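# Structural description and commentary
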Amino acid sequence: MFSSGFGETLVWSNAHESTMTPIQNFMTSDHRYCDTFFTLTGSHVAAGHWSAAQATFVRFQALVLQHFCAEEQVLFPAFEEQTGMRTGPTQVMRSEHMQLRALMDAALAALQAQDDDDYSGHAETLLIMLQQHNTKEENVLYPMCDQLLGPQAAAVSQQLANRIPPVSETTP
């Protein structure tokens, strides 16, 4: 549990199913952690707390971009080097990252304009795309990485952890 900095307490668990593997475990946890900030943003918008909504969304966006960079600079290259696939699943994920970046920018602009309808539209699209994207990574790509990287998976997971700070360092 930790304070959102806006009078709310967020709960985030680092507990994982025992069937998860190192990369899948770590990256899925980070997805859930990022999600808490997106959810909290929606609560602030619903309450008309625009300043808090903007600050929380900026934190969400920074965390998601940090996650994308870790994937694009560590995980995807390791997968591509091991498999020789450069136009497969990682290319699809990079493309989706670009789309999600644009959606986050549009949602932030709507928050800055305090436009509830515009934000709601962008947030709904963002939520659907993130759910689909995360499902593909969590159920397909991450397990593939763990399996195909074999003994290297733990080292890659550690490199990812080095780029994505623990919760205690990212609490608002």
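For the structure itself, consult the block above.
Below is a short write-up of the structure. (Residues numbered from 1 in each chain as written. Predicted model: local features only at pLDDT ≥ 70, side-chain atom pairs only at ≥ 80, totals over all residues. Heavy atoms only, no water.)

## Observations concerning the overall build of the protein
Looking only at helices and strands, the protein features six helices and two strands. When its helices and strands are written in sequence order, the protein yields β-β-α-α-α-α-α-α. The proportion of buried residues among the 172 residues of the protein is 41%. If you take every contact in the protein between residues at least 6 apart in sequence, the share linking residues at least 24 apart comes to 74%. (Helix = DSSP H or I, 4+ residues; strand = E, 2+ residues; numbered from the N terminus. Buried < 20%, exposed > 50% of the residue type's maximum accessible area, 1.4 Å probe, protein only. Contact = heavy atoms within 4.5 Å.)

## Here we look at the packing of aromatic side chains
A full pass over the atoms with the stated rule returns four aromatic pairs. A centroid spacing of 6.2 Å and a plane angle of 90 degrees characterise the contact between Phe-57 and Tyr-119, whose relative ring orientation is edge-to-face. Taken as a pair, Phe-57 in helix H2 (residues 50-83) and Tyr-119 in helix H4 (residues 116-149) lie far apart in primary sequence, 62 residues in all. You can call Phe-57 buried: its relative accessible area is 0%. For Tyr-119, a relative accessible area of 4% corresponds to the buried category. (Phe/Tyr/Trp six-rings, centres within 6.5 Å; stacked < 30°, edge-to-face > 60°.)

## Topic: a negative patch on the surface
A cluster of acidic side chains, namely Asp-115, Asp-116, Asp-117 and Asp-118, defines a negative patch on the protein surface. Assignment of secondary structure puts Asp-115 in the loop between helix H3 (89-112) and H4. (Patch = residues over 30% accessible without salt bridge, like charges linked within 9 Å, V, L, I, M, F, W, Y side chains within 5 Å. Areas by Shrake-Rupley, 256 points an atom, 1.4 Å probe, with all protein chains shown as cover. Salt bridge = Lys/Arg side-chain N within 4 Å of Asp/Glu carboxyl O. Lys, Arg positive; Asp, Glu negative; His and termini not counted. Charge placed at Lys NZ, Arg CZ, Asp CG, Glu CD.)

## Things to note about the environment of Val-74
Within the secondary structure layout, Val-74 lies in helix H2. A relative accessible area of 9% means that Val-74 is categorised as buried. Spatially, the C-alpha atom of Val-74 lies 7.1 Å from that of Gln-159, the residues being 85 residues apart in sequence. Look past the residues within four positions of Val-74 in its chain and what remains in contact with it is Cys-69, Val-156, Gln-159, Leu-160 and Arg-163.

## What to know about the pattern of salt bridges
Inspection of the entire model under this criterion finds five salt bridges. Between Glu-138 and Arg-32 there is a salt bridge whose closest N-O contact spans 2.6 Å. With Glu-138 in helix H4 and Arg-32 in helix H1 (residues 22-46), this pair connects stretches of sequence that are 106 residues apart. Assessed through its relative accessible area of 37%, Arg-32 is described here as partly exposed. Between Glu-72 and Arg-101 there is a salt bridge, and its shortest N-O distance comes to 3.1 Å.

## As for the packing of H2 against H3
As a packed pair, H2 and H3 sit with axes 10 Å apart at the nearest point and diverge in direction by 170 degrees. The pairing of H2 with H3 is recorded here as roughly antiparallel in orientation. Considering how the two elements wind past one another, H2 and H3 form a crossing that is left-handed. The residue makeup of the contact of H2 with H3, split by class, is 18 nonpolar, five polar and six charged. (Axes fitted to C-alpha atoms, helices over the stretch in contact; angles between N-to-C directions. Parallel < 35°, antiparallel > 145°, perpendicular 65-115°, else oblique. Left-handed = near helix turned anticlockwise from the far one by under 90°. Nonpolar A, V, L, I, M, F, W, Y, C, P; charged D, E, K, R; others polar.)

Just geometry here; none of it tells us what the structure is for.
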